[in-house]
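Examination of the molecular architecture
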Amino acid sequence: MTTPSKPAFVHESSYVDEEVSIGRDTQIWHFCHVLTGSKIGERCRIGQNVVIGPRAEVGNNVKVQNNVSIYEGVTLEDDVFCGPSMVFTNVTTPSCAFPRNTADQFAPTRVGRGASIGANATIVCGITIGQHALIGAGAVVTKDVPAHALVYGNPARQHGWACECGVRLQASDDAKSAFSCPDCNRLYRFSNSSLARVTDNAA
Ligand SMILES: [Zn+2]
């Protein structure tokens, strides 16, 4: 039996501007601001002191920890995790004397489905983070991240691969796969130079 879904919950200390859509079962906690034109999916958990928008897009089942700003130009696909105090930027060359703060000067950033971003990481704008990528705490991500890549450091470099379930993958001794997950036993292999689940051998 499934629990019936509920309308979104917004704590009384938070502001939601006009023309915002918030999906069912989403919770927005203390001291947040959702700016006009933003879309937030269903079953999201938005922590304390989070700014979303204007016109940002957040998918379903996204978790945003405390102190995160999701600016215009940022898109989070379903199941993305944003750790506490991680940072998105939206302009590559910020300047007060030569302001570049209009929407057409923002470089869009996309975070793929199921990706997780560790606490205090910085994602420079204009980047695409692949599905199920794992960004280590404190990483400074300055270029695109492939699907399932595990990256960390400043500048962030790839140090391995991550499972859909978030655990670091290990080299596999199975002939049909390159990597396996020590936690959930999912198997992966390279297909067109990107890592993909082996689906004909479900764990
Ligand atoms: Zn796994």
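In what follows, the structure referred to is the one given above.
Report follows, based on the coordinates. Because the structure is a prediction, the values reported are computed rather than measured.

1. Focus: the sheet that holds strand β7 (residues 45–46)
Pairing within the open sheet is mixed, and its nine strands lie in the order β1-β4-β7-β10-β13-β16-β19-β21-β22. Each having just a single partner strand, β1 (9–10) and β22 (157–161) make up the two edges of the open sheet. One ladder, built from two bridges, connects strand β4 (residues 27–28) with β7; its direction is parallel. When the bridges of β7 are listed, Ile28 appears paired with Ile46.

2. As for the packing of aromatic side chains
Summed over all chains, the structure comprises four aromatic pairs. An angle of 75° between the planes, with centres 5.5 Å apart, marks the rings of Trp161 and Phe190 as edge-to-face. Of the two residues, Trp161 sits in strand β22 while Phe190 sits in strand β25 (residues 187–191), which places them 29 residues apart along the sequence. According to the relative accessible area criterion, Phe190 is partly exposed, its value standing at 41%.

3. Details of the environment of Ile135
Within the element layout of this structure, Ile135 appears in strand β19 (residues 134–135). Given the relative accessible area of 1%, Ile135 is considered buried. Along the primary structure Ile135 and Ile117 are separated by 18 residues, whereas in three dimensions their C-alpha atoms are 4.7 Å apart. What Ile135 contacts, discounting residues up to four positions off in sequence, is Ser116, Ile117, Gly118, Ala121, Ile123, Ile129, Val141, Val145 and Val151.

4. A short note on the environment of Cys96
Summarising the element assignment, Cys96 is placed in the loop between β14 (87–88) and β15 (109–111). The class for Cys96 is exposed, based on a relative accessible area of 80%. Between the C-alpha atom of Cys96 and that of Arg186, which follows or precedes it by 90 residues, the distance is 49 Å.

5. Focus on the environment of Ser85
Inspection of the secondary structure puts Ser85 in the loop between β13 (81–82) and β14. Among the residues examined, Ser85 registers a relative accessible area of 28% and is labelled partly exposed. When the C-alpha atoms of Ser85 and Gly118 are compared, they prove to be 9.0 Å apart, with 33 residues separating the residues in sequence. For Ser85, the residues in contact, after removing those within four places along its chain, are Asn66, Asn67, Val68 and Asn120.

6. Things to note about the pattern of salt bridges
Side-chain pairs of opposite charge can arise where the charged atoms are in close proximity. As enumerated under the stated definition, the model contains four salt bridges in all. Between Arg55 and Glu72 there is a salt bridge, with the nearest N and O atoms lying 2.8 Å from each other. With a gap of 17 residues between them, Arg55 in the loop between β8 (51–52) and β9 (57–58) and Glu72 in the loop between β11 (69–70) and β12 (74–76) connect regions that are remote in the sequence. Judged by its relative accessible area of 45%, Arg55 is partly exposed. One salt bridge in this structure joins Arg113 and Asp79, with 3.6 Å as the shortest N-O distance. Of the two residues, Arg113 is situated in the loop between β15 and β16 (116–117) and Asp79 in the loop between β12 and β13; the sequence distance between them amounts to 34 residues. Exposure remark for Arg113: the relative accessible area of 36% places this residue in the partly exposed category.

About the cut-offs
- Residues numbered from 1 in each chain as written.
- Predicted model: local features only at pLDDT ≥ 70, side-chain atom pairs only at ≥ 80, totals over all residues.
- Heavy atoms only, no water.
- Pairing = 2+ DSSP bridges.
- Helix = DSSP H or I, 4+ residues; strand = E, 2+ residues; numbered from the N terminus.
- Phe/Tyr/Trp six-rings, centres within 6.5 Å; stacked < 30°, edge-to-face > 60°.
- Buried < 20%, exposed > 50% of the residue type's maximum accessible area, 1.4 Å probe, protein only.
- Contact = heavy atoms within 4.5 Å.
- Salt bridge = Lys/Arg side-chain N within 4 Å of Asp/Glu carboxyl O.

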